[in-house]
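Survey of secondary and tertiary structure
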Amino acid sequence: MAAQRMARGLGGDVALSHTSRLDDLINLARESSLYFLLFGLACCGIEIMQLGGPRADVMRFGAIPRASPRQADLIIIAGTLTYKMAERVKLLYEQMPEPKYVISMGSCSNCGGLFQNAYSVCKGVDKVIPVDVYVPGCPPRPEAVIEGLLRLQEIIRGERWATRRRPAAASR
Amino acid sequence: MDERADRTESTMLVNFGPQHPATHGVINFLVETDGEVLKRATPEVGYLHRSIEKSAEGIGYAAFVPFTDRVDYLAAMFANEGYAIALEKLLGVEVPSRAQWLRVISCELNRIASHLVAAGTMAMDVGTFTGFLHGVREREAINDLMEELCGARLTYNYHRIGGVAFDLPTGWRDKALRFLDHFDKFLVEFDRLISFNQIFVKRLANVAVIPGPTAIDYGLVGPNLRGSGVDWDLRRDMPYGAYSHFEFSVPVGKGFCGTVGDSFDRYYVRCLEMAESSRIVRQALETIPEGEIRARVPRNVRPDAGETFSRVESARGEMAYYVVSDGSNTPWRVRIRTGSFAAMGIIEAVSPGLMVADLVALIASLDVIAPEIDR
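Here we summarise the structure given alongside this text. Remember, it's a predicted structure, so these values are computed and weren't measured experimentally.

**A short note on the packing of aromatic side chains**
Within this structure, the stated rule accounts for 18 aromatic pairs over all chains. Ring geometry for B:F64 versus B:Y83: centroids 5.1 Å apart, planes at 70 degrees, classification edge-to-face. Taken together, the positions of B:F64 in the loop between α1 (52-56) and α2 (65-69) and B:Y83 in helix α3 (residues 76-91) put the pair 19 residues apart, joining distant regions of the chain. Accessibility assignment for this pair places B:F64 and B:Y83 in one class, buried. Judged by centre distance (5.2 Å) and plane angle (65 degrees), the rings of B:Y240 and B:Y243 are edge-to-face. Here B:Y240 and B:Y243 have matching classes, each one buried. Members of the aromatic cluster, each reached through a chain of ring pairs, are B:F196, B:F200, B:F256, B:F264, B:Y267 and B:Y268. One Lys or Arg, A:K84, reaches over the ring of B:Y47 and ends 4.6 Å from the middle of that ring. If you follow A:K100 out to its NZ or CZ, it ends over the ring of A:Y93, 4.4 Å from the centre.

What follows is the structure, encoded as structure tokens:
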């Protein structure tokens, strides 16, 4: 590939030349401004709170909490998803504009976690909406969520929007 | 929703929640408003019903302890302790005194952490993000202490049946004391920065007043009850564990900036309680006795048939466990009485006539969290 890249620092750098792909530019913009929907379901919601706090400070990665799904690129499902809440989560997800991403945070939203025998708990958020990154833990530390966010940025970096939609979107 | 007789053409029905930053978790309020003035706000609960009580019936007694963490994740120590005390009563186990002291230390630190979140989110909900960041920063220090003590930041699983899981790590005592020295100064700073900030006071003083008798009628507990001027604290009035060995005062709402029982009183009682908790932890760290940290309890707990009831003063008020045993190795029934559920009941009664923005202050001042309501 003729596209020249400089070493990626925080936020990433793309050397613009006449052979640069527009994809790289778009991806750079998308990965470094992942606004996420402020949405704590259960215990993990408290770690989401600490995520925005001074120590973890997720905003340095360009991820800023938004209160409305219509302004969000990313939804972090943080906590136990009950059946009553599941339809609301689907509604919120559908209200988000494309392109949209999902991070499933914690055992409960990954697979039901501790509440395997509970009659009211949906065993995994991927039964309702497609998930891009799973973060394990009960609850995961804020650092683990940041790791999940960086993985998501990697996924976004590899996307080729000009030619086709990303594979995860195609299989939906 | 049923048709109400007092609904007029100008009445608007708005859903507030379940996804809303100010609802403290997933709670839905059906808000009937006439312009900015509320006619009624009806809470709708159940969005976080994880059937914790039912889960208890399928697993062993000791295995239920991690589930109690999730009943109140901001103050998990108390939920652990209440269940442990209930089982100790049922089994007739005597808890070693070092374990009692460790329980007090961990619980009071947890109370500070929980109240920091309450005060911080209160500040955030009425419009100052700074207070929230300050609260979260201090809470992170407590999280570190807790992590060193029991390996978890949030869901501790520390109080076990018959004692506690781990002893104090080396050097923990000094770290805790260092934190408390810093924290006492922080409280003064927080008062200057947030609590007595004129804008903050104006948002809370004289808003959503709950008189003492009403608070008792609706079964409010803990700081919400004391904020209404009712002097009742389980730690002092019905001491459990090691609380009778410590000296502390119980802060009561006095109308610090307005009326007794307004949102500011409920908020400020929590701030004062943090200082008292810090006092208790200091005393406990000084007088902690040597010895065992856990009584001998069989791995497979199998109590005789019977029932038991325990109460602890949690950060959100009295938390009660009612456990029924049928002699097998799983509980027949576990019932958990929590403060937040009662607090939700009063919102519909207090809300008429409030402004929409005051509803947010009311919810924040009651310090409800969703899993305690729904369990």
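**Some details on the sheet that holds strand β7 (residues 317-325) of chain B**
All names here are of chain B. What the three strands build is an open sheet, ordered β6-β7-β8; its pairing is antiparallel. Strands at the two margins of the open sheet, each flanked by one partner only, are β6 (306-314) and β8 (333-337). When the angles between neighbouring strand axes are averaged without regard to direction, this sheet yields 10 degrees. The pairing of β7 with β8 spans five bridges and is antiparallel.

**A closer look at the packing of α3(B) against helix α4 (residues 97-125) of chain B**
Residue and element names in this part refer to chain B. The interhelical angle for the contact between α3 and α4, taken along N-to-C directions, is 145 degrees, at an axis separation of 8 Å. In this structure, α3 contributes A76, M77, F78, E81, A84, I85 and E88 to the contact, and α4 contributes R103, S106, C107, N110 and R111. Tallied by class, residues from the contact of α3 with α4 come to six nonpolar, two polar and four charged.

**What to know about the layout of surface pockets**
Space inside the largest pocket adds up to approximately 560 Å³. If you trace the largest pocket, you find 33 residues lining it, with A:L38, A:G45, A:M49, B:P21 and B:M124 closest to the centre. The set of elements that each furnish at least two residues to the lining of the largest pocket consists of α2 (43-51) of chain A together with α4 and α5 (129-150) of chain B. Looking at which element gives the most residues to the lining of the largest pocket, the answer is α2(A), with five residues. Classifying every residue of the lining of the largest pocket gives 22 nonpolar, nine polar and two charged.

**Brief notes about the side chain of B:D374**
Within the element layout of this structure, B:D374 appears in helix α14 (residues 370-374). Buried charge B:D374 goes without a salt bridge, the closest partner of opposite sign being A:K84 at 7.3 Å. In this structure B:D374 touches B:V26, B:V45, B:G46, B:Y47, B:L48 and B:H49, once residues within four positions along its chain are discounted.

Quick notes on the rules
Residues numbered from 1 in each chain as written. Chains lettered and ligands numbered in written order. Predicted model: local features only at pLDDT ≥ 70, side-chain atom pairs only at ≥ 80, totals over all residues. Heavy atoms only, no water. Phe/Tyr/Trp six-rings, centres within 6.5 Å; stacked < 30°, edge-to-face > 60°. Helix = DSSP H or I, 4+ residues; strand = E, 2+ residues; numbered from the N terminus. Buried < 20%, exposed > 50% of the residue type's maximum accessible area, 1.4 Å probe, protein only. Lys NZ or Arg CZ within 6 Å of the ring centre and 35° of its normal. Pairing = 2+ DSSP bridges. Axes fitted to C-alpha atoms, helices over the stretch in contact; angles between N-to-C directions. Contact = heavy atoms within 4.5 Å. Nonpolar A, V, L, I, M, F, W, Y, C, P; charged D, E, K, R; others polar. 1 Å grid on protein atoms, 1.4 Å probe; cavity = no way out; pocket = protein on both sides within 12 Å on 5 of 7 lines; lining within 4 Å. Points joined across faces, edges and corners; volume = space filled by probe spheres on them. Lys, Arg positive; Asp, Glu negative; His and termini not counted. Salt bridge = Lys/Arg side-chain N within 4 Å of Asp/Glu carboxyl O.

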